[in-house]
Amino acid sequence: MFIDTHCHLDAYKEFSGENLDELFERLRNAEKTADPTREQEFLQDIAASRWSSPKDAKEALIRMPEAFINVACNPADFEQARELSEKYPFVYAAYGIHPEYVETETAEDEARMLEFLKHPKCVACGEFGLDYHYGAETKAAQVRLFERHLQLGIDSKKTLVLHLREADDDALAVLRAADLHGKNVHIHCFTGSPEFVSQLLALDAQIFVGFTGIVTFKSAQNVRDAAAIVPLEQMLLETDAPYMAPVPFRGKTCHSGYIPYIALTLAQIKKLPVEEFYRQIRLNTKRCYGI
């Protein structure tokens, strides 16, 4: 069993045109016909950076997650995230404000976030953090926002979900200055270097590192190198759906049923049988999120 620890279910509907009831039913049906004998074929093909298998073979590993953590990182999405968590017993919520909203977020947005963090199906504060890939001109403002939201998250006593992209030095400076002792911190969708992940793992906190479909991309050797040095007990599985579908679905709308392709790649990196990998990651998810 596995949990998608980070996805955006509202955005999935927007990107795919498929409603969530249809998606969940499709994933349940895929679970019934899943073919684990295809795992070795997938590993061989991903190692050779090719996908010559027929369509049915590509889809043979799709499975229904045990649960989903739906992340609302736009204040406009908070209410819908609450509704989804109340409608589906297997959907949990996280609430935060993404750094892309650094110039538009308000004190009212933060006050609403704090109220949503009290909801019984809320398991985390985030995602929030720094993103210099698209927001290089707002670096100083992003750092101030990150510092403020980090303290709000700490005060909430929720797991913290961090978005850290191309901002290594500033991210480390903010995190080292904060009191993170005993806090669960999910470094979401890691895309950095082995050096950066080593520095994050050295923080005085319970650090968990999430890997998405990017780990299967031919161009992402840095991510695979980072995964190799993250202790197995500190890894999480996530998709960031509907973004960044793994090989062999790269370029398509991503959904949480693609987790097995990410898991297989990481299990290969860790030189473990995939079922053993799943067991440990499920324990990690329990420790990080309590579900």
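J.: An account of helix H6 (residues 107-116) is needed here, citing residue identities and associated values.
T.: Buried within H6 are the following residues: Asp109, Glu110, Met113 and Phe116. One side of H6 carries all its buried residues, which in axial view fall inside an arc of 120°. What points out from H6, more than 90 degrees from its buried face, is the exposed set Ala107 and Glu108. Elements in contact with the buried residues of H6: helix H5 (78-87), strand E3 (91-95), strand E4 (122-131) and helix H7 (139-156).

J.: Mind laying out helix H9 (residues 194-201), listing which residues take part and the relevant values?
T.: Those residues of H9 that fall on the buried side of the exposure criterion are Phe196, Val197 and Leu200. Buried residues of H9, seen end-on, are gathered within an arc of 95° and therefore sit on one face of the element.

J.: Kindly report on the packing of H5 against H6, identifying the contributing residues and their values.
T.: Interaxial distance between H5 and H6 falls to 11 Å at its minimum, and their mutual angle equals 10°. Relative to H6, the element H5 lies roughly parallel. In contact with Phe78, Glu79 and Arg82 of H5, H6 contributes Asp109, Arg112, Met113 and Phe116. Partitioned by chemical class, the residues of the contact of H5 with H6 number 3 nonpolar, no polar and 4 charged.

J.: Describe the packing of H7 against helix H8 (residues 168-177), naming the residues involved and giving the relevant values.
T.: Here H7 crosses H8 at 35°, and the two axes come no closer than 10 Å. Classified by chirality, the crossing of H8 by H7 is right-handed. Of the residues in H8, those touching H7 at Val143, Phe146, Glu147 and Leu150 are Asp170, Ala171, Val174 and Leu175. By residue class, the composition of the contact of H7 with H8 is 6 nonpolar, no polar and 2 charged.

J.: Which residues make up the pairing of strand E7 (residues 206-211), and what are the values?
T.: The buried count for E7 comes to 5 of 6 residues, which makes it a mostly enclosed element. Pairing geometry for strand E6 (residues 184-187) and E7, over 4 bridges, is parallel. Directly across from Asn184, in E7, lies its bridge partner Gln206. Regarding topology, H9 serves as the crossover connection from E6 to the parallel E7, and that connection is right-handed. With helix H10 (residues 221-229) bridging E7 and the parallel strand E8 (residues 235-237), this β-α-β connection has right-handed handedness.

J.: Can you tell me about the nonpolar core, naming the residues and giving the values?
T.: Judged by nonpolar contacts, the single largest core of 87 residues is most densely connected at Phe24, Tyr95, Leu237 and Leu266. Looking at which element gives the most residues to this core, the answer is helix H11 (residues 259-270), with 8 residues. Setting aside chain neighbours within four positions, we find Tyr95 in contact with Ala72, Phe78, Ala81, Arg82, Met113, Phe116, Leu117, Cys122, Ala124, Cys125 and Gly126. In this structure, Val71, Val123, Ala124 and Phe208 belong to the second largest nonpolar core, which totals 14 residues.

J.: I'd love a proper account of the side chain of His188, names of residues and values included.
T.: Positionally, His188 belongs in the loop between E6 and H9. Those residues in contact with His188, other than ones at most four positions away along the chain, are His6, Glu127, Val161, Leu162, His163, Gly210, Glu238 and Asp240.

J.: Give a description of the side chain of Lys183 that names residues and reports values.
T.: Here Lys183 lies in the loop between H8 and E6. Buried within the structure, Lys183 lacks any salt-bridge partner; its nearest side chain of opposite charge belongs to Asp155, at an N-O separation of 8.1 Å. Residue contacts for Lys183: discarding those within four places in its chain leaves Gly153, Ile154, Lys157, Lys158, Leu160, Ala205 and Gln206.

J.: I'd like to hear about the state of the cysteines, residue by residue, with values.
T.: Under the criterion given, the structure shown has 0 disulfides. Cysteine Cys73 remains unbridged, with the sulfur of Cys7 as its closest cysteine sulfur at 11 Å. On the accessibility criterion, Cys73 (11% relative accessible area) is buried. Sulfur of Cys122: no disulfide; nearest cysteine sulfur belongs to Cys125 and is 7.6 Å away. Look at Cys122 and you get buried, because its relative accessible area is 4%.

J.: Could you give me a rundown of the pattern of salt bridges, with the residues and numbers involved?
T.: Any two side chains of opposite charge can pair if their charged atoms end up close together. All chains considered together, the criterion is met by 9 salt bridges. Residue Lys87 is joined to Asp21 by a salt bridge in which the shortest nitrogen-to-oxygen separation is 3.7 Å. On the criterion of sequence distance, the pair formed by Lys87 in helix H5 and Asp21 in helix H2 (residues 20-33) is long-range, its members being 66 residues apart. Residue classification places Lys87 among the exposed positions, given a relative accessible area of 52%.

Conventions and cut-offs
- Residues numbered from 1 in each chain as written.
- Predicted model: local features only at pLDDT ≥ 70, side-chain atom pairs only at ≥ 80, totals over all residues.
- Heavy atoms only, no water.
- Buried < 20%, exposed > 50% of the residue type's maximum accessible area, 1.4 Å probe, protein only.
- Helix = DSSP H or I, 4+ residues; strand = E, 2+ residues; numbered from the N terminus.
- Arc of directions from axis to C-beta.
- Contact = heavy atoms within 4.5 Å.
- Axes fitted to C-alpha atoms, helices over the stretch in contact; angles between N-to-C directions.
- Parallel < 35°, antiparallel > 145°, perpendicular 65-115°, else oblique.
- Nonpolar A, V, L, I, M, F, W, Y, C, P; charged D, E, K, R; others polar.
- Left-handed = near helix turned anticlockwise from the far one by under 90°.
- Pairing = 2+ DSSP bridges.
- Right-handed = clockwise from strand over helix to strand, strands pointing away.
- Core = buried A, V, L, I, M, F, W, Y, C linked by side-chain atoms within 4.5 Å.
- Lys, Arg positive; Asp, Glu negative; His and termini not counted.
- Salt bridge = Lys/Arg side-chain N within 4 Å of Asp/Glu carboxyl O.
- Disulfide = S-S within 2.5 Å.

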